[in-house]
Structure formats: C-alpha cells, structure tokens
Amino acid sequence: MIQLQDLTFSYGQNLPVFEHFNWQAQRGEAWAVLGPSGCGKSTLLYLLAGLFLPSGGKVLVDGIPIERPRPQSGLIIQDYGLLPWATVHQNASLGLRVRNFYGPDGKHTPQDFIPEQDVLPWLKRLGLESVADKYPGQISGGQRQRTAIARTLALKPDLLLMDEPFSSLDAPTREGLQALTLELQQEQALTLVLVTHAIEEAALLGKKILLLSQPPNIHANVIDNAEVGNPEYRHSARYMEVCHDLRARMEIP
Ligand code: ADP
Ligand code: MG
C-alpha cells in the first residue's frame, strides 16, 4: 500500500533527513515508527500524509504518487489539533463537515450538513457521549485524544497516521488507548503508521517496527514483531525480548 522509493527529503539547504530511502508497508499492517527526537518521525508522517513533498524519489500510496493530502488517509497530529471553541461533538464532526463542504474532489459544493449517523456511533464507541457537549478545555487528555480519533475515524480512512498520540497521557489512560487503537486497527482493517519515541509503545503496537536514527536515514531498519495483538503480549517474555533488542539497537544502556 505504501512505498517510499529512493526518497530524499531535506528542509531547505539543511542536511537531508532521508536520503535515497526505501521502505514499504502492506495494506492492513500495523507499523510503529520508532526513533529518538529529531530523527525524522514527524517528517516521515507528513510525507505520507501529502503535507510535505519529497525533494527526490517518490512516496506512493496504492501505486499513486502523493502530491496532496489523500481523502482516505487520516492524520492525528501531536496534541490532537482540536478547536478549543468547539464542543466534542462539533470537533468530532469537523472532518466530515469540511469534506461535505468542499466535496471529495476539493471543489466547493454548497451543502453543509453532518450525517449524524456517521458521527454519533463513533462518540458512543469511544465513550464520549456523556461529554459530547463539553469543550476540549473541560475534558481529560484521554477524552481529547479519543475526540481526535472519533473525528478521524468518522471519515472512514483506510490509512491511519498518528504522531506520538499518547505521549502526554498518564500511564493507565495511555494503556487503555493503546489497547483501543489495536482493537480499532483490526476491526476497521486499517493500515496503521504510529510514530513514537517510546520503545515499549513501539513493541506493543507495531507488528512491524521501522527504526529511524539520526539523519540522514539511508537504510530502513525493520524489526518483525509478529505476536502483537494478543492481549497478554504485554506480559510475555517475547515482548521483553523485543524491548531489549530495540534498546540495544538504539544504543540505550
Ligand atoms: P522527530 O519527529 O523524529 O522528532 P522531525 O521529523 O520533527 O523529528 O525532525 C527531523 C529533523 O528535521 C530534525 O533535525 C529537525 O530539527 C529538522 N526539522 C524539522 N522541522 C524542520 C523545519 N521546519 N525546518 C528545518 N528543520 C526542521
Ligand atoms: Mg515529531
């Protein structure tokens, strides 16, 4: 589904973040992209989202070079991107509103309605019904993240891109949302690319892990983590082993 072919990307005249980089992901796979701060994780996600264009090479999704954001790709940016003056319900409806207003081809069509049947089931599924009329400032971090997830999934994406989605949450909330993300990924047959700097999170969510290092990234370092998805995985010896291996590869003592 995703192919990076000979990808080179640099910010202006700076050294490239990616240089002749090749990587691919199949439809329906759950990937974690792991690496230290500044290695290029967000850059990669924005390239996949079509928000940045390669300096060289190609980013292909379903064989098509990405030149602008693709309607079937859902992006959840760091810190959720919610509108503070809109309620949970309005925020969850925002993606659909924009899509209906501009139409799937980006041309303006003068209709502005929200098909409630596309939003309400997501508020319910993500446990947000009781806070639907509250504003982001009145709800918890976990509820904010779930609102961002509802907004994105209401658009029925086939590719879900998440940038450090759980890094500012407390541990129990984070663990709950990690489990929910895996559940939704399987239930909705999503291709998932989740960016994180946390080894444990990559090992828990990535059936495959793409390990990035300090730029320039030239080779795709991929770790198989096939047992992900089993609810007991978090407590298994294999999981500990993968974390240990990742720590060694990242040269963390
Ligand atoms: P990560 O998400 O892994 O922390 P980024 O993708 O944000 O890393 O950044 C990768 C590298 O590119 C870093 O060295 C960062 O300083 C640099 N960088 C990021 N954004 C810009 C920008 N807008 N202009 C110039 N350099 C940038
Ligand atoms: Mg980042």
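A brief report on the enclosed structure follows. Computed from a predicted structure; not experimentally measured.

1. Topic: the nonpolar core
When a protein is soluble and globular, its nonpolar side chains tend to lie buried together.
Item 1. Core analysis: the biggest nonpolar cluster contains 49 residues, and Leu 34, Leu 126, Met 162, Ile 209 and Leu 246 have the highest contact counts within it.
Item 2. For this core, the element with the most residues is helix 6 (residues 199-205), which contributes five residues.
Item 3. Filtering out sequence-adjacent residues up to four positions away, Met 162 remains in contact with Leu 45, Ile 76, Ile 149, Thr 181, Leu 192, Val 193, Leu 194 and Val 195.
Item 4. Counting 27 residues, the second largest nonpolar core, distinct from the first, contains Met 1, Ala 25, Leu 45 and Ala 49.

2. Concerning the site of ligand 1
Item 1. Taken together, the residues surrounding ligand 1 are Tyr 11, Asn 14, Val 17, Pro 36, Ser 37, Gly 38, Cys 39, Gly 40, Lys 41, Ser 42 and Thr 43.
Item 2. Note that an oxygen atom of ligand 1 is positioned 3.1 Å from one of the backbone N or O atoms of Gly 40.
Item 3. Contacts to ligand 1 include Lys 41, whose side-chain N or O atom sits 2.9 Å from an oxygen atom.
Item 4. A total of 560 Å² of accessible area belongs to ligand 1 in isolation, and the protein chains cover 57% of it.

3. Considerations on the packing of aromatic side chains
Item 1. Tallied over the full model, the rule gives seven aromatic pairs.
Item 2. An angle of 80° between the planes, with centres 5.4 Å apart, marks the rings of Tyr 46 and Phe 52 as edge-to-face.
Item 3. Accessibility expressed as a relative area gives 21% for Tyr 46, which makes it partly exposed.

4. Quick word on the pairing of strand 3 (residues 30-34)
Item 1. Among the five residues that make up strand 3, five are buried, leaving the element largely enclosed by the rest of the structure.
Item 2. What you see with strand 3 is no split at all: Ala 30, Ala 32 and Leu 34 on one side and Trp 31 and Val 33 on the other are buried throughout.
Item 3. Pairing geometry for strand 3 and strand 8 (residues 191-196), over five bridges, is parallel. Opposite Ala 32, over in strand 8, you have Leu 194 as the bridge partner.

Each value, and the rule that gives it
Residues numbered from 1 in each chain as written. Chains lettered and ligands numbered in written order. Predicted model: local features only at pLDDT ≥ 70, side-chain atom pairs only at ≥ 80, totals over all residues. Heavy atoms only, no water. Core = buried A, V, L, I, M, F, W, Y, C linked by side-chain atoms within 4.5 Å. Buried < 20%, exposed > 50% of the residue type's maximum accessible area, 1.4 Å probe, protein only. Helix = DSSP H or I, 4+ residues; strand = E, 2+ residues; numbered from the N terminus. Contact = heavy atoms within 4.5 Å. Near = heavy atom within 4 Å. Polar contact = N/O pair within 3.5 Å; in protein donor to acceptor, adjacent residues only side chain to side chain. Areas by Shrake-Rupley, 256 points an atom, 1.4 Å probe, with all protein chains shown as cover. Phe/Tyr/Trp six-rings, centres within 6.5 Å; stacked < 30°, edge-to-face > 60°. Pairing = 2+ DSSP bridges.

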